Amino acid sequence: MKKKSIHSSFENLRVLLEKTIVDFDSIGNVFGNQNRNTIKVVPLGDLLLNIKSFKPPSLLNKIIYGHFRKSKAIRSYNYANKLIEKGIGTPQPIACFENSDIIGLTNSFYVSEHINADLTFRELVEEPDFIDHEQILRQFVRFTHQLHEADILFKDHSPGNTLILKKEGIYNFYLVDLNRMDFKSLSFQERMKNFSRLTPKKDMIAVMSDEYAQITGMEYQLVFTEMWKQTSKFQEKFFRKRRLKRKFIFWKNYKD
């Protein structure tokens with residue numbers, strides 16, 4: 001283990017956290033989608049840890065992340081701390097760890113406090129009759145506007161990357177999967193594009209546009225037109241890539 005950063009609030013757990021990373025493969029419970037990375041929930045005293053082990057990088061990225069660019073784990077940890085400084089919800093960052101060899105980065109881990117969420121944005125897309133659907137959607141728009149006003153561009157603003165937790169009748173939002181962010185002033189087009197990956201449903205876009213217009217004082221039709229335009233562009237690109245992938249797999253199997 002070559003590099004580590006541990007939040008000052010959890011410095012007293014340094015030895016236990018290091019041992020948890022060493023024992024990662026044999027402890028905890030697997031959580032969520034494991035297609036690219038491995039996430040485990042691990043109890044540690046009174047804490048419930050969410051540990052994300054990033055997929056080992058390719059040879060090129062191994063060199064890049066080892067010598068020239070911060071790893072996904074370090075970026076996730078740094079961005080989480082920056083979000084909290086700006087008053088934006090995200091699970092409490094605890095630590096990040098990197099292992100390296102002579103070539104570069106071999107693997108990395110981001111540790112945060114685990115949140116048992118009530119839902120993610122995905123439920124709003126898949127279940128139109130979800131209780132408080134419109135109320136949650138409008139509160140989510142206000143949360144996204146808060147991001148924009150704080151000069152935060154969350155590049156992975158997609159259905160599974162915002163945890164939603166209800167507390168005393170109010171829905172609270174927590175960003176996860178944090179390694180792709182920019183911190184800068186955002187144009188109107190960039191703000192609208194930031195909604196483009198969330199839902200293909202026009203009725204949801206209409207509600208989000210209405211709420212964003214009310215918050216900003218902008219004309220509803222202007223907001224809706226641009227938000228729907230950006231959403232349509234993303235959907236076209238998404239399905240084009242899917243068609244090309246299917247064709248590639250077909251021809252690969254045909255040749256085999």
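Every value quoted in this text rests on a predicted model; they were computed, and no experiment measured them. (Residues numbered from 1 in each chain as written. Predicted model: local features only at pLDDT ≥ 70, side-chain atom pairs only at ≥ 80, totals over all residues. Heavy atoms only, no water.)

Asker: What should I look at first to understand the packing of aromatic side chains in this one?
Answerer: How two aromatic rings sit relative to each other is given by the distance of their centres and the angle of their planes. Enumeration over the complete set of coordinates arrives at seven aromatic pairs. For the pair Phe140 and Phe173, a centre-to-centre distance of 5.8 Å together with 70° between the ring planes defines the contact as edge-to-face. One end of the pair, Phe140, is in helix 5 (residues 133–149); the other, Phe173, is in strand 10 (residues 170–175), and 33 residues separate them in sequence. We note that Phe140, like Phe173, is buried. (Phe/Tyr/Trp six-rings, centres within 6.5 Å; stacked < 30°, edge-to-face > 60°. Helix = DSSP H or I, 4+ residues; strand = E, 2+ residues; numbered from the N terminus. Buried < 20%, exposed > 50% of the residue type's maximum accessible area, 1.4 Å probe, protein only.)

Asker: Just checking my understanding: could you explain the nonpolar core for this structure?
Answerer: When a protein is soluble and globular, its nonpolar side chains tend to lie buried together. Ranked by size, the top nonpolar core spans 43 residues in total, and within it Phe121 and Leu175 carry the most contacts. Among the elements of the structure, helix 3 (72–85), helix 4 (121–126), helix 5, strand 8 (152–154), strand 10, helix 6 (188–193), helix 7 (202–216) and helix 8 (220–255) are those that each provide at least two residues to this core. Once residues lying within four places of it in the same chain are set aside, the contact partners of Phe121 are Leu137, Phe140, Pro159, Thr162, Ile164, Leu198, Thr199, Met204 and Met208. Of all hydrophobic cores here, the second largest spans 16 residues; its members include Ile6, Ile21, Leu49 and Phe97. (Core = buried A, V, L, I, M, F, W, Y, C linked by side-chain atoms within 4.5 Å. Contact = heavy atoms within 4.5 Å.)

Asker: Can you walk me through the sheet that holds strand 2 (residues 29–30) in this structure?
Answerer: Strand pairs in the sheet, formed through backbone hydrogen bonds, run parallel or antiparallel to each other. Reading across the sheet, the six strands line up as 1-5-6-4-3-2 and stay open at both edges, with antiparallel pairing between neighbours. Edge positions in the sheet fall to strand 1 (3–6) and strand 2, since each of these pairs with one other strand and no more. By the bridge criterion, five bridges tie strand 4 (residues 47–53) to strand 6 (residues 105–113) in an arrangement that is antiparallel. When the sheet's bridge partners are listed, Lys52 is paired in strand 6 with Tyr110. Helix-sheet contacts for helix 1 (residues 14–22) involve strand 1, strand 3 (38–44), strand 4, strand 5 (93–100) and strand 6, and the interaxial angle to strand 5 is about 50°. (Pairing = 2+ DSSP bridges. Axes fitted to C-alpha atoms, helices over the stretch in contact; angles between N-to-C directions.)

Asker: What should I look at first to understand the sheet that holds strand 10 in this one?
Answerer: If you trace the three strands from one edge of the open sheet to the other, you get 7-9-10, paired in antiparallel fashion. One side of each edge strand has no neighbouring strand; the edge strands of this open sheet are strand 7 (119–120) and strand 10. Note: strand 9 (residues 162–167) against strand 10, six bridges, orientation antiparallel. Within strand 10, the position partnered with Lys166 by the bridge is Tyr171. Against the sheet, helix 5 touches strand 7, strand 9 and strand 10, its axis set at about 45° to strand 10.

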